[in-house]
Amino acid sequence: IILVGAGLIASAGSAMAADSVAKGEKIAGRCVGCHGVAGNSTNPEWPKLAGQSAGYIAKQLADFKSGARKNALMGGQAAGLSTKQMADLGAYYAAQRVTVGAKNEALARKGQNLYRGGNSGTGVAACMACHGPAGEGVPPSYPSVSGQHAKYAAAQLRAFKRGKRANDNKVMAEIAFRMSHEEIDAVAAYMEGLTAR
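Residues numbered from 1 in each chain as written. Predicted model: local features only at pLDDT ≥ 70, side-chain atom pairs only at ≥ 80, totals over all residues. Heavy atoms only, no water.

A. Local environment of the confidence of the model for the chain. For the chain, the average pLDDT comes to 91, and 91% of its residues sit at 70 or higher. Predicted confidence in the chain is weakest over helix α1 (residues 2-28), with a mean pLDDT of 67, and strongest over helix α5 (residues 83-94), with 98. When the criterion is pLDDT under 50, residues 6-13 qualifies, and its contacts beyond four places in sequence or with other chains add up to zero contacts. (pLDDT = per-residue confidence, 0-100. Helix = DSSP H or I, 4+ residues; strand = E, 2+ residues; numbered from the N terminus. Contact = heavy atoms within 4.5 Å.)

B. Region of the structure containing the environment of A125. Mapped onto the fold, A125 is located in the loop between α6 (105-117) and α7 (128-131). Taking C-alpha positions, A125 is 27 Å from L61, a pair spaced 64 residues apart along the chain. The contacts of A125, once residues within four sequence positions are left out, are L114, G118 and I175.

C. Seen up close, the packing of helix α8 (residues 150-161) against helix α9 (residues 171-178). Put simply, α8 and α9 touch, their axes get as near as 7 Å, and they point 95° apart. The angle between the axes of α8 and α9 places the two elements in the roughly perpendicular class. Contacts from L157, F160 and K161 of α8 reach α9 at M172, A173, A176 and F177. Among the residues forming the contact of α8 with α9, the class breakdown is six nonpolar, no polar and one charged. (Axes fitted to C-alpha atoms, helices over the stretch in contact; angles between N-to-C directions. Parallel < 35°, antiparallel > 145°, perpendicular 65-115°, else oblique. Nonpolar A, V, L, I, M, F, W, Y, C, P; charged D, E, K, R; others polar.)

D. Just helix α4 (residues 72-79), in detail. Every buried residue belonging to α4 is among M74, G75 and A78, and all of these are buried. Viewed end-on, α4 has its buried residues packed into an arc of 105°, placing them on one side of the element. For α4, the exposed residues set more than 90 degrees away from the buried face come down to A72 and G76. Turning to α4, the residues buried within the fold contact α2 (32-35), α3 (54-66) and α5. The N-cap residue of α4 is N71: its side-chain oxygen and the backbone nitrogen of L73 are 3.1 Å apart. (Buried < 20%, exposed > 50% of the residue type's maximum accessible area, 1.4 Å probe, protein only. Arc of directions from axis to C-beta. Polar contact = N/O pair within 3.5 Å; in protein donor to acceptor, adjacent residues only side chain to side chain.)

E. Structural detail: the packing of aromatic side chains. Counted according to the given criterion, the structure contains two aromatic pairs. With a centroid separation of 5.4 Å and an interplanar angle of 55°, the aromatic rings of Y115 and Y190 are classed as tilted. With Y115 in helix α6 and Y190 in helix α10 (residues 181-192), this residue pair connects regions lying 75 residues apart in the sequence. Over the ring of F177 we find K161, and its NZ or CZ is 5.9 Å from the ring centre. (Phe/Tyr/Trp six-rings, centres within 6.5 Å; stacked < 30°, edge-to-face > 60°. Lys NZ or Arg CZ within 6 Å of the ring centre and 35° of its normal.)

F. Layout of the side chain of K48. The topology assignment puts K48 in the loop between α2 and α3. Buried and without a salt bridge, K48 has E192 as its closest oppositely charged side chain, separated by 5.7 Å. Within the local environment of K48, its side chain forms a polar contact with the backbone oxygen of T99, the two atoms lying 2.5 Å apart. At 3.1 Å, the side chain of K48 forms a polar contact with the backbone oxygen of G147. Beyond its immediate sequence surroundings of up to four residues, K48 is in contact with G39, N40, S41, V98, T99, V100, G101, G147, Q148 and H149. (Lys, Arg positive; Asp, Glu negative; His and termini not counted. Salt bridge = Lys/Arg side-chain N within 4 Å of Asp/Glu carboxyl O.)

G. Just the environment of P44, in detail. On the secondary structure map, P44 appears in the loop between α2 and α3. Looking at P44, the relative accessible area reads 35%, which means it is partly exposed. Taking C-alpha positions, P44 is 9.1 Å from A153, a pair spaced 109 residues apart along the chain. What P44 contacts, discounting residues up to four positions off in sequence, is H149, K151 and Y152.

Okay, structure coming up:
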């Protein structure tokens, strides 16, 4: 009886997850123009959402809606979304597979050392400590960075460095503040070529 009950609960959870992904896919139709088909943006200024954790996507949308994360375009897009719709969008994008971009090899080699080992001289922690060895992230707090456009990732690091973005409990702001612009470009190039497992 216990096993049958557990099986019914598991299948109900699976059906709810599939339903959430399907609902998220319908909502995501309005996101394609910027974030691309299945969340794989082709414009390096806009992030890839494919493969990102559901909780992280929902949190960012809530932050755009509340104003905790500032972006005029995304604030407007998130304004009409309910908490359930944000969760559905998160479920949809989490179920997609990110396409890995072409990276700048010379910059990526420099960025690899920083990503994997940090910079003890300036107090920059290794990126993989929070984002994982393959850039897969640690949901929901630490996003996936694998395959992300280098231009977008560098812009976000610079926003943290300048205090223009602060919706992460100050972790990234403190790290990015210590990074040089050259380090930002290098680690962003390295992350663009990472493939999450």
